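So you can see what is in the structure, the chains are spelled out below.
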Amino acid sequence: SKRKRQTASFSKAAKFRIRQPQDCRWGFIRLPKINGELKFRACRDIDWDTVGTITIMRSSSGFYEVSMTHDIKPTILPETTAACGVDLGLTSLAAVVSSNPDRYLVNNPRYYHQSQHALAAAQRSLSRKKKGSANRKKAAKKVAKIHRKVARQRKDHLDKLSRQLVNDNQVIGIEDLSAASLARSLRLSKSVYDAGWGMFRSMLTYKANDAGRTIIAADRFFPSSQLCSICEHRNGKKPLNIRTWTCNNCGNTL
């Protein structure tokens, strides 16, 4: 169907050819029944002879993308003594506490929230167009382009954050959040999906596995805000408006 996501896969039996000139950042693919070559950005050094399958995908925004499957060996990073804990949130995307001891907040860019005005205008324009018309197809493509830009911005931000955490820490502690359950809330659903917690955790997990790092997921019911990190004394539940507290056992302020 022309109105849905289009894909075409080519295996080695199709005898595709890939070439990358020496010291050139661009590569070229020659596929059967397609005149000329497809130009792509070669972002990493790959033995092109190991490519098994090539898939051409056309999104609803009109962009074409090339996906390749190839053999690659994971790079084990040198061991480090650093460890960190990552607490995901909405006001700030993450609060990172390291054993160095560094503490910092990661800004939540809210890409979908930033694009809501432009998206609302594009969707209003789409709703006014006659169904089946050429103008409606053009308006639908504009809406799809905005969604595509938001998705790529979010993925790029989470990619860089997860890579930084994996490179700097041997052990990374995260909370076992249920993003799907939190997204059922009428007040939080849009913000939870905009933050991309699930995508961040999956990126962190596969990058840590490839690099030889350790991911520890704390149980979502573990009373971390009730325990003193110095003497491990449990001080009981606290409402959200209490941001600092003093331990009754050892007297330290947390």
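Structure report, in brief.

Reading guide: rules and limits
- Residues numbered from 1 in each chain as written.
- Predicted model: local features only at pLDDT ≥ 70, side-chain atom pairs only at ≥ 80, totals over all residues.
- Heavy atoms only, no water.
- Pairing = 2+ DSSP bridges.
- Helix = DSSP H or I, 4+ residues; strand = E, 2+ residues; numbered from the N terminus.
- Axes fitted to C-alpha atoms, helices over the stretch in contact; angles between N-to-C directions.

### A short note on the pairing of strand β3 (residues 26-30)
For a regular strand, the rule is simple: side chains alternate between the two faces of the sheet. Here strand β2 (residues 17-19) pairs with β3 via 3 bridges, running antiparallel. Residue pairing in the sheet places arginine 17 in a bridge with arginine 30 of β3. Hairpin connection between β2 and β3: a loop of 6 residues separates the two successive antiparallel strands, and aspartate 23 in this loop has a positive phi of roughly 60 degrees.

### Some points on the sheet that holds strand β1 (residues 6-11)
Taken in spatial order, the 3 strands of this open sheet run β1-β5-β6, and their pairing is antiparallel. Looking at the sheet topology across the chains shown, the edges are occupied by β1 and β6 (64-69). For this sheet, the mean angle separating the axes of adjacent strands, direction not counted, is 15 degrees. Here β1 runs beside strand β5 (residues 53-58); their pairing, made up of 6 bridges, is antiparallel. Across the sheet, residue alanine 8 finds its bridge partner in β5, namely isoleucine 56.

### Things to note about the environment of glycine 198
Here glycine 198 shows up in helix α6 (residues 197-211). C-alpha of glycine 198 to C-alpha of serine 178: the two residues are 20 residues apart in sequence and 8.5 Å apart in space.

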